[in-house]
Amino acid sequence: MMLLIGSGQAAGQAILEGERFHPVTASQGMVATSHTLATEVALEVLKKGGNAVDAAVTAGFALAVTQPRSGNIGGGGFMLVSPGDGSAPEAIDYREKAPAAATETMFQDDAGNVVPNRSRFTHLAAGVPGTVAGLALALERHGTISLQQALAPAIKLAREGFIVPRRFTEGLEEARGRLERWPATLSTFYKPDGSAWQPGERFRQPELAATLQRISDQGVKGFYEGETARLIAAEMERHGGLITLEDLKNYEPEVRQPVHGTYRGYDIYSMSPPSSGGTHIVQILNILEGYPMAEFGHNSADGIHHMAEAMKLAYADRSKYLGDTDYVEVPLLGLTSKAYAESLRKGIDPQRATPASEIGPGDPTPWESPETTHFSVVDKWGNAVSNTYTINFSYGSGITVQGAGFLLNNEMDDFSAKPGVPNAYGLIGGEANKVEPGKRMLSSMSPTIVRKNGQNWLVTGSPGGSRIITTTLQVILNVIDHGMNIQTAVSVPRIHHQWLPDEIRIEQGISPDTVRILEERGHTVVGGSAMGAIQSILREEDGTLHGGADPRRSTSSAMGY
Ligand code: DON
């Protein structure tokens, strides 16, 4: 039978029979991550009476062991914590920071040209890592277990090893070219003869186990000071990097207020700057609220056209206004206001694509009163955690801290190396996102929690660089407008537009007829690989939990009890 999607469905109802994609259902707790072993250890925490934050922090450390391409202690991210008692959600910002010696032109040569790959594959690419401090802070503020307890499964997985899945082997084979240049990376992640660990073989990380043990023994100081800090600083000194002992000692995560908006009566909470994610999800939802998205139908030409037009406007604004609010003023209230969205809607032609060249950043100020991985957890008290963290590229900079067994991020590429020069995701930035000492680079990561009648309802988020915002957006639309169950919402094909390049990117599964109509309206449509890996949970008002893990990553899993 046809998928039960489209108009007429009550939003987000957990229809199970007759659908092609089925969520995992449970009554007490649910964990969705991109790696089964991390899901398992986090679920165990819930079963033993821990809360969602305990489980999330445990998953965060476990992923740093089992999924080195994005799980990390050498990177950073954002965690949204939304209490089950209906009190205000909170965001923990543990994004990396530029080292104190960073400069605006550090990725340019003397002539002012951006040096290819300097911000991606050198020691200058690494920002000061935030993950350990961020996860520890989350636990301190909201957890019930100790840091030692949260680290124990990760230490065990690193010390005793785990059986590698095919995806692990494939990832290391694919990235070999840029990883094997670094002896510490080669010896940490490949066999002594240089070949990759094969599916079914046991992979151990003794140096990482020792690094995690130091955190377990000494708390965050066991990472930001002492032996690990010395190993990071020595790695930097040997190779012309900038991170010093002082930078590490000074790193602090921040507690921030999430961005808040509404969409058709639902409350949307998502990440505030230094991520652009929440701001633009709310902005795009505000624009789309003025259109009958359910009536248009999921992935219809009308639906995709209006999404693409709204996305273009938001990404154009992103290029100008978004940056670290500790350094620049971001017109957040304007960007997320219904009135600004209404003014933007007036410029959208329902039948014609507006070329990107005719779109620039708007002016929200009149409305201004003043390989990443995501995991979601909900516990039996209805507390929800939505966490996205990253080392930027798959395997980050590819550089392993010698003697410490973990990869360093290449998050500095998320700064604007020079106004108008795109970063690895084709994103353009300017003054607001220039490199400054101690500043956090702009992100697209969008851990998001939607509340219905004041209760945590949808917990979602994704990796995917610039596509994170649009991926997360579409899961929200799929549930609210198209009435899909959470697994269907996560699985169905997605589209993406980011203003520049001026094209709609589509996944496999969008009808050629639809593409033709879009082209007739003036859109350029390009096919590409899968976008995002969204790990979501939907909690019904009676407490029933539905988990949807993204099939785009073969190791993704949702488990409940
Ligand atoms: O913070 C950001 O927006 C990027 N560094 C995220 C990178 C990413 O999602 C890569 N994943 N597939």
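As annotated in an unreviewed UniProt entry, the protein chain is Glutathione hydrolase proenzyme from Marinobacter gudaonensis. Under Subunit (unreviewed entry), UniProt gives the following word-for-word description of the protein chain: "This enzyme consists of two polypeptide chains, which are synthesized in precursor form from a single polypeptide." Here is the UniProt Pathway (unreviewed entry) comment for the protein chain, exactly as written: "Sulfur metabolism; glutathione metabolism."

S.K.: Go over the overall build of the protein chain with me, naming the residues and quoting the values.
M.R.: Within the protein chain, the regular secondary structure consists of 20 helices and 19 strands. Counting only C-alpha atoms, the protein chain reaches 60 × 60 × 45 Å along its principal axes. Residues counted as buried form 64% of the 561 residues belonging to the protein chain. Side-chain charges in the protein chain split into 48 positive and 62 negative, and the spacing between the mean points of these groups amounts to 3 Å.

S.K.: So what's going on with helix H18 (residues 467–480)? Residues and values would help.
M.R.: Given a rise of 1.5 Å per residue, 14 residues ought to cover 20 Å, and the 20 Å separating the end C-alpha atoms of H18 matches this to within 8%. Among the 14 residues in H18, 14 count as buried, and that is most of the element.

S.K.: Explain the pairing of strand S9 (residues 266–270) residue by residue, including any values.
M.R.: Where burial is concerned, most of S9 is hidden: 4 out of the 5 residues are buried. Looking at chain direction, strand S8 (residues 259–263) and S9 are connected through 5 bridges and run antiparallel. The residue bridging Gly 261 from the neighbouring strand is Ile 268, located in S9. Between S8 and the antiparallel strand that follows it, S9, lie 2 residues; Arg 264 among them carries a positive phi value of about 45 degrees.

S.K.: Outline the site of the ligand, supporting the account with residue identities and numerical values.
M.R.: The full set close to the ligand counts 15 residues, and Glu 371, Thr 372, Glu 411, Asp 414 and Ser 443 are the nearest of them. Asp 414 places a polar side-chain atom, nitrogen or oxygen, 2.6 Å from a nitrogen atom of the ligand. One nitrogen or oxygen atom from the main chain of Gly 465 is found 2.7 Å from an oxygen atom belonging to the ligand. Residues of the shell around the ligand, tallied by class, amount to 4 nonpolar, 7 polar and 4 charged. Counting only domains with at least three residues in the shell around the ligand, you end up with domain 1 (29–255 + 388–418) and domain 2 (259–371 + 445–551).

S.K.: Can you tell me about the UniProt feature "active site" (unreviewed entry) in the protein chain, naming the residues and giving the values?
M.R.: Residues given the UniProt feature "active site" (unreviewed entry) here are Thr 372. In this fold, Thr 372 is placed in the loop between helix H17 (338–345) and strand S10 (373–378). Not counting residues up to four positions away in its chain, the partners in contact with Thr 372 are Ser 70, Thr 388, Tyr 389, Thr 390, Asn 392, Met 445, Ser 462, Pro 463, Ile 468 and Arg 553. Side-chain polar atoms of Thr 372 contact the side chain of Thr 390, separated by 2.5 Å.

S.K.: Got a sec to walk through the pattern of salt bridges? Specific residues and values, please.
M.R.: Enumeration according to the criterion identifies 28 salt bridges in this entry. Across the pair Asp 302 and Arg 521 runs a salt bridge whose closest N-O atoms are separated by 2.8 Å. Classification of Asp 302 by relative accessible area gives partly exposed; the value is 26%. Overall, Arg 521 belongs to the buried group, its relative accessible area being 9%. Among the charged side chains, a salt-bridge network with shared partners connects Arg 69, Arg 167, Glu 371 and Arg 553.

S.K.: Report on the sheet that holds strand S15 (residues 504–506), specifying residues and quantitative values.
M.R.: Across the sheet, which stays open at both edges, the 3 strands sit in the order S14-S15-S16 with mixed pairing between neighbours. Among the strands making up the open sheet, the edge pair consists of strand S14 (495–496) and strand S16 (525–527). Note: S14 against S15, 2 bridges, orientation antiparallel. From the neighbouring strand, Ile 495 faces S15, where its bridge partner is Ile 506.

Procedures and definitions
- Residues numbered from 1 in each chain as written.
- Predicted model: local features only at pLDDT ≥ 70, side-chain atom pairs only at ≥ 80, totals over all residues.
- Heavy atoms only, no water.
- UniProt positions renumbered as here; feature names shortened; annotations may be inferred.
- Helix = DSSP H or I, 4+ residues; strand = E, 2+ residues; numbered from the N terminus.
- Buried < 20%, exposed > 50% of the residue type's maximum accessible area, 1.4 Å probe, protein only.
- Lys, Arg positive; Asp, Glu negative; His and termini not counted.
- Charge placed at Lys NZ, Arg CZ, Asp CG, Glu CD.
- Expected span 1.5 Å × (residues − 1).
- Pairing = 2+ DSSP bridges.
- Near = heavy atom within 4 Å.
- Polar contact = N/O pair within 3.5 Å; in protein donor to acceptor, adjacent residues only side chain to side chain.
- Nonpolar A, V, L, I, M, F, W, Y, C, P; charged D, E, K, R; others polar.
- Domains from an automatic or database assignment.
- Contact = heavy atoms within 4.5 Å.
- Salt bridge = Lys/Arg side-chain N within 4 Å of Asp/Glu carboxyl O.

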